Amino acid sequence: MSNKMWGGRFTTGPDAIMEEINASIGFDYRFASQDIRGSLAHVAMLSRQGIIDESAAKAIATGLEQVRTEIEAGTFTFSRALEDIHMNVESRLAEIVGPDAGRLHTARSRNDQVALDFRLWVRDTIDQLDEQLRDLQKALAGRALDHAGAVMPGFTHLQSAQPVTFGHHLMAYVEMLGRDRSRFADARKRLNECPLGSAALAGTSFPIDRDMTASALGFDRPTANSLDSVSDRDFVLETLSAAAICAVHLSRFAEEIVLWATPQFGFATLSDKFTTGSSIMPQKRNPDAAELVRGKSGRVIGALTGLLIVMKGLPLAYSKDMQEDKEGTFDALQSLSLCVAAMTGMVGDLTPDLKRMKAAAGSGYAIATDLADWLVRALDMPFRDAHHVTGRLVAMAAERKIPLERLTLDEMQSVDSRITAQVQDVLGVDQSVRSRVSYGGTAPNNVRTQARAWLKRIAKDEAASK
């Protein structure tokens, strides 16, 4: 039995293996909403242009709405034999309205149809992710404001470097997520051109109005080249690239939460809501939510790499290889959405141990740079000389196993006689963070200013989206 989609060219049906490798309905059913939106816009345009008569267009539109209702209600039966979401919808439409359903595909191809559906789906998903990322920023900035003056160690090479504040640390991720949102917004702007009407690859001889369908579907304009329209997946690659970078940011934060939750660090704890226990060790509280966020970043990065490999050798225009663009994308963006939600929950749930953080901030001679800076300011010493003097003082303190501030003035003057008692004004973690007043620095007032600015900006975004 031949497949109706192929008309008279084929006399028999596909082999079972061919049907298995060819079918995409198992994953592209996610396009159902976008497919019906595109078809409604297309049939309205066909009617207005006089390509199909008004009565047929109305029947098709009514039938499409019924199909939408059935899919949303979960009563629609998807068929693997019909391959994809497009033919599943069209087949059911034919059962509802009869032969007129066949007029819907006039002046379009599955090539421009899937390109349209995918653009609509990615655009919808970007909008959802942007809202989630904004909520995560809000949670971070709110907690940063609460802890703008809470001292903690700052690290380089995972070694104590200089004291910072917990609020400053959280605001670093607010900035990262801001760039992530900007990248998604850029991707959305570039994808917002409508490929519908490009047909298989060369356009169509029917007098269609592509501006009408582009406008009806919320696009800025129709795409300008029919070959590019059906073969382009840049919009997916760019979105996955933004997603991969975002996933890396979430993974880095997740790794820090994992470290903070260890007894060795003891900087913060998560409640039962975001941890699990051990089947054998009753004392364990494992930060599994953070670990899973860290792990799922690999899925997102892998989806980007996979699609780049699929696309790298394809000539124009459409090739069936491009069916492999969807599953990885669906999985990656769903995984990212889940990770953002989990991270937002953890930010609200995290309980910092402020005393432990502050105590750790003074370890490892983290205020050594403050001492070197004081030598430059107070004694007009070249920084390299100040660095050398400070290094000798650190060595002296380390040999005695005491912090820098417990060295006596006589001991300090044995290294450089010009040092005065005023040096004690900078030898403390609180003094250190308060002194970092340069723009973007960790001074508590800086952190408060930045957190409030972001919260105001986020509130404006929220109001604009309502």
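Scroll up to find the structure this text is about.
Residues numbered from 1 in each chain as written. Predicted model: local features only at pLDDT ≥ 70, side-chain atom pairs only at ≥ 80, totals over all residues. Heavy atoms only, no water.

Asker: Any chance you could break down the overall build of the protein for me, citing the residues and the numbers?
Answerer: Counting its regular elements, the protein contains 18 helices and 6 strands. Dimensions of the protein, computed from the C-alpha atoms along their principal axes, are close to 100 × 50 × 40 Å. Within the structure as shown, the protein displays about 22700 Å² of accessible surface, and the carbon and sulfur contribution to it stands at 53%. When the 54 basic and 59 acidic side-chain charges of the protein are each reduced to a single mean position, those positions are 4 Å apart. (Helix = DSSP H or I, 4+ residues; strand = E, 2+ residues; numbered from the N terminus. Areas by Shrake-Rupley, 256 points an atom, 1.4 Å probe, with all protein chains shown as cover. Lys, Arg positive; Asp, Glu negative; His and termini not counted. Charge placed at Lys NZ, Arg CZ, Asp CG, Glu CD.)

Asker: Summarise the side chain of Asp 232; cite the residues concerned and give the values.
Answerer: Mapped onto the elements, Asp 232 comes out in the loop between α9 (226-231) and α10 (234-260). Of note is the side chain of Asp 232, whose polar atom sits 2.9 Å from the side chain of Arg 119. Reaching out from Asp 232, the side chain makes a polar contact with the backbone nitrogen of Asp 234 at a distance of 2.6 Å. (Polar contact = N/O pair within 3.5 Å; in protein donor to acceptor, adjacent residues only side chain to side chain.)

Asker: Tell me about the nonpolar core, residues and numbers included.
Answerer: Residues Leu 140, Phe 184, Leu 250, Phe 253, Trp 260, Leu 336 and Met 343 are the most contacted members of the largest nonpolar core, which totals 94 residues. Setting aside residues no more than four positions away along its own chain, Leu 140 makes contact with Leu 170, Tyr 173, Val 174, Leu 177, Phe 253 and Val 347. The next biggest cluster of nonpolar side chains, apart from the first, holds 26 residues, and it includes Ala 361, Leu 371, Leu 375 and Met 412. (Core = buried A, V, L, I, M, F, W, Y, C linked by side-chain atoms within 4.5 Å. Buried < 20%, exposed > 50% of the residue type's maximum accessible area, 1.4 Å probe, protein only. Contact = heavy atoms within 4.5 Å.)

Asker: Describe in detail the pattern of salt bridges, supporting the description with residues and values.
Answerer: For the structure shown, the criterion picks out 27 salt bridges. The salt bridge partner of Asp 130 is Arg 181, with a shortest N-O separation of 2.8 Å. Placement of the pair is Asp 130 in helix α6 (residues 110-146) and Arg 181 in helix α7 (residues 166-191), with a sequence separation of 51 residues. The class of Asp 130 is partly exposed, set by a relative accessible area of 23%. Residue classification places Arg 181 among the buried positions, given a relative accessible area of 11%. A salt bridge links Arg 190 to Glu 238; the shortest N-O distance between them is 2.5 Å. Within this pair, whereas Arg 190 is found in helix α7, its partner Glu 238 is found in helix α10, the two being separated by 48 residues in sequence. Owing to a relative accessible area of 25%, Glu 238 belongs among the partly exposed residues under this scheme. Each member of the salt-bridge network shares a partner with another, and the members are Glu 70, Arg 92 and Glu 95. (Salt bridge = Lys/Arg side-chain N within 4 Å of Asp/Glu carboxyl O.)

Asker: Run through unusual backbone geometry, naming residues and quoting values.
Answerer: A cis geometry characterises the amide bond from Leu 316 onward to Ala 317, with omega recorded as 10°. With respect to the secondary-structure elements, Ala 317 resides in the loop between α11 (288-311) and α12 (326-349). In this model, Glu 83 sits at a positive phi of 75°, which is unusual for a non-glycine residue. Along the chain, Glu 83 falls in the loop between α4 (54-73) and α5 (85-97). The phi torsion at Ala 107 lies on the positive side, around 65°, for a residue other than glycine. Inspection of the secondary structure assignment puts Ala 107 in the loop between α5 and α6. The exposure class assigned to Ala 107 is buried, which follows from its relative accessible area of 7%.

Asker: Explain the packing of aromatic side chains to me, using residue names and the numbers behind them.
Answerer: The relative placement of two aromatic rings is captured by the distance of their centres and the angle of their planes. Evaluation of the coordinates by the stated rule reveals 12 aromatic pairs. Both rings, one in Phe 76 and one in Phe 78, keep their centres 4.8 Å apart while their planes meet at 55°; by these two values the pair is tilted. An aromatic cluster is built from Phe 31, Phe 118, Trp 121, Phe 235 and Phe 330, whose rings are joined through pairwise contacts. Over the ring of Phe 219 we find Arg 123, and its NZ or CZ is 4.6 Å from the ring centre. (Phe/Tyr/Trp six-rings, centres within 6.5 Å; stacked < 30°, edge-to-face > 60°. Lys NZ or Arg CZ within 6 Å of the ring centre and 35° of its normal.)

Asker: A description of the state of the cysteines should follow, citing residues and the corresponding values.
Answerer: The full count for this structure, using the stated rule, is 0 disulfides. Between Cys 246, a cysteine without a disulfide, and Cys 339, which holds the nearest cysteine sulfur, the sulfur-to-sulfur distance is 9.0 Å. Exposure remark for Cys 246: the relative accessible area of 0% places this residue in the buried category. (Disulfide = S-S within 2.5 Å.)

Asker: Tell me about the packing of helix α3 (residues 32-48) against α4, residues and numbers included.
Answerer: Running from N to C, α3 and α4 point in directions that differ by 170°, and their axes come no closer than 9 Å. Relative to α4, the element α3 lies roughly antiparallel. Only Glu 54, Ala 57, Ile 60, Ala 61, Leu 64, Glu 65, Val 67, Arg 68 and Ile 71 of α4 make contact with α3, whose side of the interface consists of Ala 32, Ile 36, Arg 37, Ser 39, Leu 40, Val 43 and Ser 47. Looking at the contact of α3 with α4 residue by residue, the classes come out as 10 nonpolar, 2 polar and 4 charged. (Axes fitted to C-alpha atoms, helices over the stretch in contact; angles between N-to-C directions. Parallel < 35°, antiparallel > 145°, perpendicular 65-115°, else oblique. Nonpolar A, V, L, I, M, F, W, Y, C, P; charged D, E, K, R; others polar.)

Asker: Help me get a handle on the environment of Asn 286, residues and values and all.
Answerer: Along the polypeptide, Asn 286 turns up in the loop between β5 (268-269) and α11. Asn 286 sits in the buried class, given a relative accessible area of 15%. With 222 residues separating them in the primary sequence, Asn 286 and Leu 64 have C-alpha atoms 49 Å apart. In this view, Asn 286 contacts Phe 274, Thr 275, Thr 276, Gly 277 and Ser 278; residues no more than four positions away in its chain are not counted. Separated by 3.2 Å, the side chains of Asn 286 and Lys 284 make a polar contact.

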